[in-house]
Amino acid sequence: METSIERQARPGEHLALIEDEHSVTGVVQAAMANTINPRLRFVMDSLVRHLHGFLSEVRLSDEEFELALGYIASLGHATHGRHNEVVLAADVLGLSTLVTAMNNSTRDGRTPGALLGPFYRANAPRYACGDCVVQDDAPGLPLFVSGTVRGTDGTPLSGALVEIWQASPVGLYDNQDPKQPDRNLRGCFHADEGGNYHFRTVRPAGYPVPTDGPVGVLLAAQKRHPYRPAHIHFIVAAPGYRTLVTQVFADEPEQLASDVTFGVHRQLVGDLRLHEHGRSLWGEVPAPFYTLEFDFTLEPGEQTFPKPPID
Ligand code: BEZ
Ligand code: FE
């Protein structure tokens, strides 16, 4: 009599019997072969192939496997409404920058993208052009930011949304710093009919990414510093155009070249000008202050918005 182990697979059926390490990958791929969504099937098939290939290449030991699973679980345990260690891990491994680079070509003069990071929050205050996003009296030199939003054909994008967030002059976001008012240094603006935006802020400082969780343990083991160069995050959006998530950097070459999250694209280095005399063009602020002019170019496409990684 035929036992269930000996019988041949019927069409569409897979008998998951493992001979040795070389038979595992194929058996797993076959088990997923009926996945309904073709994209999910393609992605999972490739994921299994690459993960299995990786495990075979490094000959992972039982102890290392246990350690790795514990590490992944610790990323989840350290993630909650106010902090996202999973996003942080993706950032310091260069995953976020690779996905951003793949999905944001610079063809036709489009502005490069940069990673969203773990500190984007919803419900930034809405401001009129020219307003100041600084809600406290923390020290730091004023920075006047202005520019124009255009489509790749040069059309100014009237009413385009320009959302910004940044760290303070001591290198902390509002959500990390109990001394800052809620949603300090965050804001949403709308460009004027000519696609022009402008706002006032303070010069941001570079900062270390959080190192008190599992990502900090990894960075220390790799003898990597945790710093990001000073930058301002931007989301620039308009109906009929692909939303741009990016950052504009404001720092010294050495800091720019060693971003722990690999986020600095050459075209995203801003020209922060220090004015030591006179007054600002708007707001009548006496020197010293900085100005930064930065234009954005969006390509036609779908307007979407990222999901905030924290509350
Ligand atoms: C940020 O720029 O906000 C950021 C990006 C990656 C890790 C930590 C912070
Ligand atoms: Fe940032």
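Residues numbered from 1 in each chain as written. Chains lettered and ligands numbered in written order. Predicted model: local features only at pLDDT ≥ 70, side-chain atom pairs only at ≥ 80, totals over all residues. Heavy atoms only, no water.

### Digging into the coordination of the iron ion (ligand 2)
Definition in use: With water omitted from the atoms examined, metal sites may look incomplete; donors here are N, O and S atoms no farther than 2.8 Å from the metal, or 3.2 Å in the case of Na, K and Ca. A four-donor site is called tetrahedral if each angle lies between 85 and 135 degrees; a four-donor site is square planar, and a six-donor site octahedral, when trans pairs exceed 155 degrees and the remaining angles lie between 65 and 115; all other cases are labelled irregular.
Here the iron ion (ligand 2) is held by the protein donor atoms Tyr 173 (OH), Tyr 207 (OH), His 231 (NE2) and His 233 (NE2), which lie 1.8 to 2.1 Å from it. With 6 donor atoms in place around the iron ion (ligand 2) and angles of 55 to 161° between them, the coordination shape is irregular.

### A word on the site of ligand 1
Stated precisely, the cut-off is as follows: Put simply, a residue is near a molecule or strand once any heavy atom of it comes within 4 Å of that molecule or strand. Counting of polar contacts relies on pairs of N or O atoms within 3.5 Å, with two restrictions inside protein: one atom must be capable of donating a hydrogen and the other of accepting it, and residues adjacent in sequence are counted only when both atoms are side-chain atoms. The protein chains shown are the only cover counted for residues, whose accessible areas, like all others here, come from Shrake-Rupley with a 1.4 Å probe. Amino acids are sorted into nonpolar (Ala, Val, Leu, Ile, Met, Phe, Trp, Tyr, Cys and Pro), charged (Asp, Glu, Lys and Arg) and polar (every other residue, Gly among them).
Every one of the 13 residues lining ligand 1 counts as a neighbour, but Asp 91, Tyr 207, Arg 228, His 231 and His 233 are closest to it. A distance of 2.6 Å separates an oxygen atom of ligand 1 from a polar side-chain atom of Arg 228. When isolated, ligand 1 has an accessible area of 260 Å², and the protein chains bury 100% of it. Tallied by class, the residues present in the shell around ligand 1 amount to 7 nonpolar, 4 polar and 2 charged.

### Examining the UniProt feature "domain: Intradiol ring-cleavage dioxygenases" (unreviewed entry) in the protein chain
Inclusion rule: UniProt positions are given in the numbering used here, feature names are shortened, and annotations may be inferred rather than shown by experiment. The way it works is that DSSP assigns letters per residue, a run of H or I at least four long becomes a helix, a run of E at least two long becomes a strand, and they are numbered from the N terminus.
According to UniProt, the "domain: Intradiol ring-cleavage dioxygenases" (unreviewed entry) feature falls on residues 145–173. End C-alpha to end C-alpha, residues 145–173 measures 19 Å, and it is 0% helix and 45% strand.

### What to know about the pairing of strand 7 (residues 231–237)
The following threshold applies: For every residue, the accessible area (1.4 Å probe, protein chains only) is compared with the maximum for its type, and the residue is labelled buried under 20%, exposed over 50%, or partly exposed between those bounds. Strands are labelled as partners when DSSP assigns at least two bridges between them.
Of all 7 residues that make up strand 7, 7 are buried, and the element is covered over most of its length. Because side chains alternate across strand 7, one face comprises the buried residues His 231, His 233, Ile 235 and Ala 237, and the other comprises Ile 232, Phe 234 and Val 236, equally buried. Pairing analysis gives 6 bridges linking strand 2 (residues 161–166) to strand 7, with the strands arranged antiparallel. Across the sheet, residue Trp 165 finds its bridge partner in strand 7, namely His 233. Sheet topology places strand 7 next to strand 8 (residues 244–249); 6 bridges connect them, and they run antiparallel. Across the sheet, Phe 234 pairs through a bridge with Thr 246, a residue of strand 8.

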